[in-house]
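# Descriptive structure summary
Here is what each chain is made of, one letter per residue.
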Amino acid sequence: MVNIAVLGYGTVGSGVVEVINTNPECISMKAGDEINIKYVLDLREFPGSPIENVLVHDFDTILNDDSVKIVVEVMGGVEPAYTFVKKSLLAGKHVCTSNKELVAKHGPELLTIAKEKNINFLFEASVGGGIPIIRPLTSSLTADEIIEISGILNGTTNFILSKMTDEGWEFEKALKTAQELGYAERNPEADIEGYDACRKIAILSSLAFNDNVDYEEIYTEGITKISAMDVAYAKKLNMAIKLLASSKKEDDNFYAMVAPFLVDEGNPLHAVNGVFNGIFVKGNVIGDIMFYGSGAGKLPTASAVVSDVVDCVKHINKNILILWNSKELPLTSIDEAVFRYFVRINGKKSSKLQDVMNAFGSVEEVIELEGAPDEFAVITDYTSEKNFKERAKKLDCIISRIRIK
């Protein structure tokens, strides 16, 4: 029997307990040993719950119990999670976590400790919820040099944009619905401003490119400025607006960013809707592959956590090598990245198009939308971010702009 302790009995923590209690025989068979939840740590009381008899309020109870071999951290946030996880690893206990904030900020350090102690620090559930993506990057795709990762990594924003597309809603109504359904927090800033996706692409990029990608250095733009009119134009173009988190290697340059993009029907991410996530990976040998599934939610995330627990049991006396160096990977300025741009213009085409042409030199397409007689839109040629900004300064009539994938 292998004893584990669960830190936090919130949404994911209760899901971990539920998954283990629902499929104990199947999980034990795959792990090669019985998994026993000896402790659950939380500040609250849960009378009558399945964890009533194993609930503790003092982390030291877990830390000082040598029979606890695996610690599951599902508290969220950096502190006290970081302190608890580091102490657990230093005490020789394996750790599994779903905490992307913790992993993005302290991943290399915690992996180094785990390697020195011949134990494991695993974090499959920190990106993509129930989608297996960390393990493929660190094992299945090790023969490839990863060139690009691009994905929909946040289910909340994808739900909001899907509702705006399907129902024609404005952003505020879609956000309120997401909150009512439990897909968005009362304070949704981390999701709608792109911070959650930013931490996740930092983790994936660090694993793909081996050196550490600092999430604070990644250009990040949320979806709060996307309007129903933007979505209407996208539909006319047979495109969809998606919040994409992406990183790419071009020669010796590394780009990483989070921002809304217009995605056409030929892109597999176009069809990823609702709270689902999709992650596109390009390797120099395998080519293009796609991971798709439930990107959030209690049980999908808990299932990924438990899969890490099973991996720890199977490697109870062996470190699983995960390459993530502490050396910082310098990112090329987003100003050097090249895109086409969708640009909405305030004013009639007859009076403003020449000004737009003069500013941008030329445009690929001009779009007019029925029901919007006092505006039009253009799609620019490929140009660098820096060049676009300089040209856009010549115009005082730009309503919005969205990059095109």
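Residues numbered from 1 in each chain as written. Predicted model: local features only at pLDDT ≥ 70, side-chain atom pairs only at ≥ 80, totals over all residues. Heavy atoms only, no water.

## Observations concerning the sheet that holds strand 2 (residues 35-41)
Neighbouring strands of a sheet are bound in pairs by backbone hydrogen bonds; such pairs are parallel or else antiparallel. Across the sheet, six strands lie side by side as 3-2-1-4-5-6; this open sheet has parallel pairing. The open sheet has two free edges, formed respectively by strand 3 (55-56) and strand 6 (121-122), since each of these has just one partner strand. Here four bridges tie strand 4 (residues 68-73) to strand 5 (residues 94-97), and the two strands are oriented parallel to one another. Each bridged residue has a counterpart across the sheet, and for Ile70 the counterpart in strand 5 is His94. (Pairing = 2+ DSSP bridges. Helix = DSSP H or I, 4+ residues; strand = E, 2+ residues; numbered from the N terminus.)

## Brief notes about helix 14 (residues 385-392)
For helix 14, the complete set of buried residues consists of Glu385, Phe388 and Ala392. Angular distribution of buried residues about the axis of helix 14 spans 60 degrees; they occupy a single face of the element. Tucked into the core, helix 14 has its buried residues touching strand 13 (338-346), helix 13 (349-360), strand 15 (375-380), strand 16 (383-384) and strand 17 (398-404). (Buried < 20%, exposed > 50% of the residue type's maximum accessible area, 1.4 Å probe, protein only. Arc of directions from axis to C-beta. Contact = heavy atoms within 4.5 Å.)

## Concerning the pattern of salt bridges
Using the criterion set out here, one finds 23 salt bridges in the structure. Linking Asp42 and Arg44 is a salt bridge whose minimum nitrogen-to-oxygen distance equals 2.9 Å. Given the relative accessible area of 44%, Arg44 is considered partly exposed. Asp308 serves as the salt-bridge partner of Arg135, at 2.6 Å between the closest nitrogen and oxygen. You can see Arg135 sitting in helix 6 (residues 134-140) and its partner Asp308 sitting in helix 12 (residues 298-314), a full 173 residues away along the chain. We classify Arg135 as partly exposed; its relative accessible area is 27%. (Salt bridge = Lys/Arg side-chain N within 4 Å of Asp/Glu carboxyl O.)

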